[in-house]
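Chain by chain, the residues:
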Amino acid sequence: MVEGLAIGACYGLFATAVVIIYKTSEVVNFAQGEMAMFSSFVAFHILSAYQYPFWLAFVITMLFSILLGILIEFLFLRPAKHPSILGMIVITLGAEMFLMGLASWKWGAEQKFFSLPLNPSVTYEPVKGMIITNWAIAVFAVTACIMLFLYIFFKFTRLGVAMRATQQNKHAAKIMGIRTERIFSFAWGFSSLIGAVAGMFFASRATLDPAFMMEPFLRAFAAAVLGGLMSIPGVIIGGALMGLIENFFGYFWPHWKPIIAFIVIILVLCLRPSGLFTKHYVKKV
Amino acid sequence: MDMKRDYYEDVQLFKSNVVLFWSAALLLVLFTIPLYTPNYYIYLFNIIMVHIILAVGLNILVGSTGQISLGHAGFFAIGAYGTVLMMTTFQLPFVLAILIAAFIAAFFGFILGLPALRLEGPYLAIVSLGFGLTIMHIIGGMDVFGGRMGVKVPPLDLGIKQLGISWILTTDFQKYYLILITTIIMVVGARNILKTRVGRSFVAIRDSDIAAEVIGVNLTIYKTLAFAVSAFYAGIAGGLFGFVLGFFDPFTFNMILSIIFLVMVVVGGLGTIAGGIMGAALITYLQYDLLKNIAEVPYFGALMVAVSKQWFTVVGLENFSSMAIGLIMIGIIIFEPLGMFGVWIRMKKYWMTWPF
């Protein structure tokens, strides 16, 4: 139960990264998983090759992931003038293939073990029958911190308000003197950072290999769809729901666990395409 | 120069005697290729033609109807597994088996087309992506399909076992002709579909589905039909692909394969038959020949090996192909959104209007 919630929080965190990009620039970033994968590999490399302490490696990885996000936006998306939706999808898929190829070239396709400096076997039992692992506590704490930060950021800072303005109307924002292109770069860097944090949590649970983020990406997307692709609190709730649903099904039919995300996506999109927590949007001709 | 004066000019297969001549020449070359090329390239040609069938089918869906699919590896898998199972379990002859498998794939295409009625753009991409992954997991999880161990294909028998007629194709050389003839039939079929009422409805849906509905195109029928036709092509291609490989497991049909299929269509050119053919040929050649053996390319290969030794791992060098294909995908959208077909059109225009 708690474990499911913690995994759900991870999905929520990762889905937040998807949503930030979707909100500002209306691109579904298929490369999100691979960006997180690449950042996790960088962290792994720093830890194993240079033997740096964990906090230093963490800081370097965070800086790297911001740089990676900005670079991808700057090199791959910005030069494309007025691409169609399909064009955007193809560009992000291309970025995904590129990062995956680069990671397998650099680190090989075999599985690596990545561990956070938390011992997963250390557990607490605050209430009888409710076991919390160290990992889950870290996930909850980090998710809460990031959510709080996002709330303050979007509500009170200049940059956050500029991002919201860009999301609502790109051209109007541009006329008002907001450098929308810089906002896009910033959104990519920011979401890459959040994705990298979530990626490290996933990596410490499973093994690290160049394809390990593919399934979490689909589930995180299911969580995002569940909460509505436009609202960040909705996404976190969607993530928690997704984690619980998956835990529940994984308990009864462990064999069919990978399919659940897909079924959730189909059901939600067919019944309520705008998600559970957002207003319905109407397409204009 | 491309003006059409009556309906017959639009539907005729060969627009002029020049086109007829070059088509005949191309066919002659294709039919005689096995006589003067080494056996390995016949294998490559087989894979290219299978991918051409699939890319042409996917182009009907993505290019002409405007629906994005990232799940065609699923239909491909249904075709491959369906054909093999029909032949081993039910002892059906090959032609019947592949047709039934393709119709099963088309049925699944129809099913996937249903949510597509309400979804568009990135949502549809995600749903189809999930569909492809689900098919892969279902096949991998059920013992009927050989589970994760994969299946070995039976001998390719064109005859009918029950009547005692047997005509087994064993070499790549013999399979080449079977696949070539199927490819020609499928490509001409796709061209004819696009020239009829159905094809025009598809194009109308791509340009604006609301406008299409207003002028009387039934969206429910034609959108699901586009998915079904495209899945049918993928099913036929999958059935042939199984026999080219000889052995396959569920992970042959992973998500990367779906992405590669989409790349073929985008690189070749959306919405045209020739685009699908060119894209499939180029990407398959790159993936299966040039980039796979990158270390053996003169000069550049040695450089890549040196780079690998210095900064990367040598065993991982084969993943260079996925990097290169990723860069091709990004480059084609940035520099040439119409794909190779766009380049061809531009060249044609330049020479036809030459001194100007």
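Structure shown above.
Residues numbered from 1 in each chain as written. Chains lettered and ligands numbered in written order. Predicted model: local features only at pLDDT ≥ 70, side-chain atom pairs only at ≥ 80, totals over all residues.

Novice: For the overall build of chain B, give the residues involved together with the corresponding values.
Specialist: When its secondary structure is counted, chain B shows 15 helices and 4 strands. In terms of C-alpha radius of gyration, chain B reaches 21 Å, essentially the compact-globule figure of 21 Å for 356 residues. Counting over 356 residues, chain B shows a buried share of 43%. Here the analysis covers contacts within chain B between residues at least 6 apart in sequence; of these, 75% occur between residues at least 24 apart. (Helix = DSSP H or I, 4+ residues; strand = E, 2+ residues; numbered from the N terminus. Rg over C-alpha atoms; globule rule 2.2 N^0.38 Å. Buried ≥ 20, exposed ≤ 12 C-beta atoms within 10 Å, placed from the backbone. Contact = placed C-beta atoms within 7 Å.)

Novice: Lay out the interface of chain A and chain B with the relevant residues and their values.
Specialist: Residue-level contacts link 39 residues of chain A with 39 residues of chain B. Of all the elements in the fold, those that place two or more residues in the side of chain A that touches chain B are α4 (85–107), α9 (214–227) and α11 (257–271) of chain A. Considering each element in turn, the side of chain A that touches chain B owes the most residues, 18 residues, to α4 of chain A. A class-by-class count of the residues in the side of chain A that touches chain B yields 32 nonpolar, 6 polar and 1 charged. (Nonpolar A, V, L, I, M, F, W, Y, C, P; charged D, E, K, R; others polar.)

Novice: Describe unusual backbone geometry, naming the residues involved and giving the relevant values.
Specialist: Both trends apply: most residues other than glycine have a negative phi, and most peptide bonds are in trans. Residues and elements named next belong to chain B. Even without a glycine there, the phi angle at Gln91 is positive, about 55°. If you trace the backbone, Gln91 turns up in the loop between α4 (72–88) and α5 (94–116). Classification of Gln91 by C-beta neighbours within 10 Å gives exposed; the count is 12.

Novice: For the packing of helix α3 (residues 54–77) of chain A against helix α8 (residues 180–205) of chain A, give the residues involved together with the corresponding values.
Specialist: Residue and element names in this part refer to chain A. Interhelical geometry of α3 versus α8 gives an angle of 140° and a closest axis separation of 7 Å. Regarding the angle of α3 to α8, the classification is oblique. The interaxial crossing formed by α3 with α8 has right-handed handedness. Facing α3, whose interface residues are Thr61, Met62, Ser65, Ile66, Leu68, Gly69, Ile70, Ile72, Glu73 and Phe74, α8 presents Phe184, Ser185, Trp188, Gly189, Ser191, Ser192, Leu193 and Ala196. Residues that form the contact of α3 with α8 fall into these classes: 10 nonpolar, 7 polar and 1 charged. (Axes fitted to C-alpha atoms, helices over the stretch in contact; angles between N-to-C directions. Parallel < 35°, antiparallel > 145°, perpendicular 65-115°, else oblique. Left-handed = near helix turned anticlockwise from the far one by under 90°.)

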